[in-house]
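In case you want the letters, here they are:
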Amino acid sequence: MIALPIVFSFYLYNKVLPGTEKINVLLVQPNIDPYTEKYGKSNADFFNAFEEQIHRQITGATDYILLPE
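Residues numbered from 1 in each chain as written. Predicted model: local features only at pLDDT ≥ 70, side-chain atom pairs only at ≥ 80, totals over all residues. Heavy atoms only, no water.

J.: I'd like a rundown of helix 2 (residues 43-57), residues and numbers included.
T.: What sets the pattern is the α-helix's 3.6 residues per turn: residues three or four places apart point alike. Over its 15 residues, helix 2 extends 21 Å from the first C-alpha to the last, a length consistent with the 21 Å expected when each residue adds 1.5 Å. The complete set of buried residues in helix 2 reads Phe46, Phe50 and Ile54. Summarising the axial view, the buried residues of helix 2 lie within an arc of 70°, below the 170-degree limit, and thus occupy one face. Among the exposed residues of helix 2, those pointing more than 90 degrees away from its buried face are Glu52, His55 and Arg56. Elements in contact with the buried residues of helix 2: strand 1 (25-27) and strand 2 (64-66). (Helix = DSSP H or I, 4+ residues; strand = E, 2+ residues; numbered from the N terminus. Expected span 1.5 Å × (residues − 1). Buried < 20%, exposed > 50% of the residue type's maximum accessible area, 1.4 Å probe, protein only. Arc of directions from axis to C-beta. Contact = heavy atoms within 4.5 Å.)

In structure tokens form, the structure reads like this:
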């Protein structure tokens, strides 16, 4: 049971050749103080802030957008 995921991961790792496949990732990391600002805003406020940051940076070549939880 333990070896199966390891072998499968090794197979997938070796299946893709380095440098053949590239992806464009947009990573959004907010500058929020978790002790003071995090609980003073609603989820909608955070979403609007993230959306504003994303729209300034996103391009047609962007494959993935990563946001904090």
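We are not done yet, so read on.
J.: Can you tell me about the nonpolar core, naming the residues and giving the values?
T.: Listed in full, the 5 residues of the largest apolar core are Leu26, Val28, Phe46, Phe50 and Ile54. Looking at this core, the element that brings in the most residues is helix 2, giving 3 residues. If sequence neighbours within four positions are ignored, Val28 has contacts with Phe50, Gln53, Ile54, Leu66, Leu67 and Pro68. (Core = buried A, V, L, I, M, F, W, Y, C linked by side-chain atoms within 4.5 Å.)

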